[in-house]
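Listed below are the residues making up each chain.
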Amino acid sequence: MPTISVFEPALCCNTGVCGDDVDVNLVSFSADMAWLSEQGAAITRHNLANDPMAFAQEAVAKRFLEIAGAEGLPLVAVDGVTVLTGRYPTRAELSRWAGLEVPAIVPAGVTGLGLSDATAAACCPPGETDCC
């Protein structure tokens, strides 16, 4: 399975999900990363403030910082190849890079309840399966 490495700008903590002004993108990315890990994917996350050695030791991150600077972060690499810069990846992108089936898109603000197909069939009109 491919290894995904995420190199982030200096954040207040390892996830950036702290303090009074929480960035919703970081909340979503943290959830997506946890989901990916639960699927067995190999993913690492490196914060410039808390893990600067990862940037120095990883050629793709070191070269990126030399050229673009910290302003260009985040940087996402798959097996040492840059695949995304300047924004956090979506769950669909992470899934694709990890070689997993891309999850169904869930509307913003809706949480998947983990209902089985049988449960969905019991509470949905005929022909619909995603209404529960």
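Structure shown above.
Residues numbered from 1 in each chain as written. Predicted model: local features only at pLDDT ≥ 70, side-chain atom pairs only at ≥ 80, totals over all residues. Heavy atoms only, no water.

A.B. asks: Account for the pairing of strand E4 (residues 81-85), naming residues and giving values.
C.D. replies: As paired strands, strand E3 (residues 75-78) and E4 are joined by 4 bridges and run antiparallel to one another. By the bridge assignment, Leu75 is partnered in E4 with Thr85. Counted along the chain from E3 to the antiparallel partner E4, the turn is 2 residues long, and its residue Asp79 has a positive phi close to 50°. (Pairing = 2+ DSSP bridges. Helix = DSSP H or I, 4+ residues; strand = E, 2+ residues; numbered from the N terminus.)

A.B. asks: Would you mind going over the sheet that holds strand E1 (residues 3-8) in detail, with residue names and values included?
C.D. replies: Sheet strands associate in pairs through backbone hydrogen bonding, adopting either a parallel or an antiparallel arrangement. Spatial ordering of the open sheet is given by E2-E1-E3-E4, a layout of 4 strands whose pairing is mixed. The open sheet is flanked by strand E2 (42-47) and E4, the only strands paired with a single partner. Geometrically, the sheet is characterised by an average inter-axis angle of 20° between neighbouring strands, direction not taken into account. Here helix H1 (residues 24-38) sits on the sheet in contact with E1 and E2, set at roughly 145° to E2. (Axes fitted to C-alpha atoms, helices over the stretch in contact; angles between N-to-C directions. Contact = heavy atoms within 4.5 Å.)

A.B. asks: A description of the packing of aromatic side chains should follow, citing residues and the corresponding values.
C.D. replies: Using the criterion set out here, one finds 2 aromatic pairs in the structure. Each ring, one from Phe7 and one from Phe55, has its centre 5.3 Å from the other, and the planes form 70°; the classification is edge-to-face. Linking Phe7 in strand E1 with Phe55 in helix H2 (residues 52-57), this pair joins segments that are 48 residues apart in sequence. Residue class for Phe7 comes out buried when judged on its relative accessible area of 1%. An angle of 40° between the planes, with centres 5.0 Å apart, marks the rings of Phe29 and Tyr88 as tilted. Taken together, the residues Phe29 in helix H1 and Tyr88 in the loop between E4 and helix H4 (91-98) connect sequence positions 59 residues apart. Phe29 sits in the buried class, given a relative accessible area of 1%. (Phe/Tyr/Trp six-rings, centres within 6.5 Å; stacked < 30°, edge-to-face > 60°. Buried < 20%, exposed > 50% of the residue type's maximum accessible area, 1.4 Å probe, protein only.)

A.B. asks: Go over helix H3 (residues 59-68), please, and point to the residues and values.
C.D. replies: Of the residues making up H3, those classed as buried are Val60, Ala61 and Phe64. For H3, the angular spread of buried residues about the axis comes to 95°, placing them on one side. Exposed and facing more than 90 degrees away from the buried side of H3 are Ala59 and Glu66. Of the surrounding secondary structure, the elements contacted by the buried residues of H3 are E1, H2, E3 and E4. Positive phi appears at Gly69, one or two residues downstream of H3, with a value of about 75°. (Arc of directions from axis to C-beta.)

A.B. asks: Outline the side chain of His46, listing residues and values.
C.D. replies: One can find His46 in strand E2. Look at His46 and you get buried, because its relative accessible area is 15%. A polar contact of 2.7 Å, which involves the side chain of His46, links it to the side chain of Asp51. Excluding anything up to four places from it in sequence, His46 contacts Val6, Phe7, Glu8, Asp51, Ala54 and Phe55. (Polar contact = N/O pair within 3.5 Å; in protein donor to acceptor, adjacent residues only side chain to side chain.)

A.B. asks: Which residues make up the pattern of salt bridges, and what values go with them?
C.D. replies: Enumeration according to the criterion identifies 4 salt bridges in this entry. Across the pair Glu8 and Arg45 runs a salt bridge whose closest N-O atoms are separated by 2.7 Å. Remark: Arg45 occurs in strand E2 and Glu8 occurs in strand E1; sequence separation between them is 37 residues. Like Arg45, Glu8 is buried. Across the salt bridge formed by Asp32 and Arg91, the nearest N and O atoms sit 2.8 Å from each other. (Salt bridge = Lys/Arg side-chain N within 4 Å of Asp/Glu carboxyl O.)

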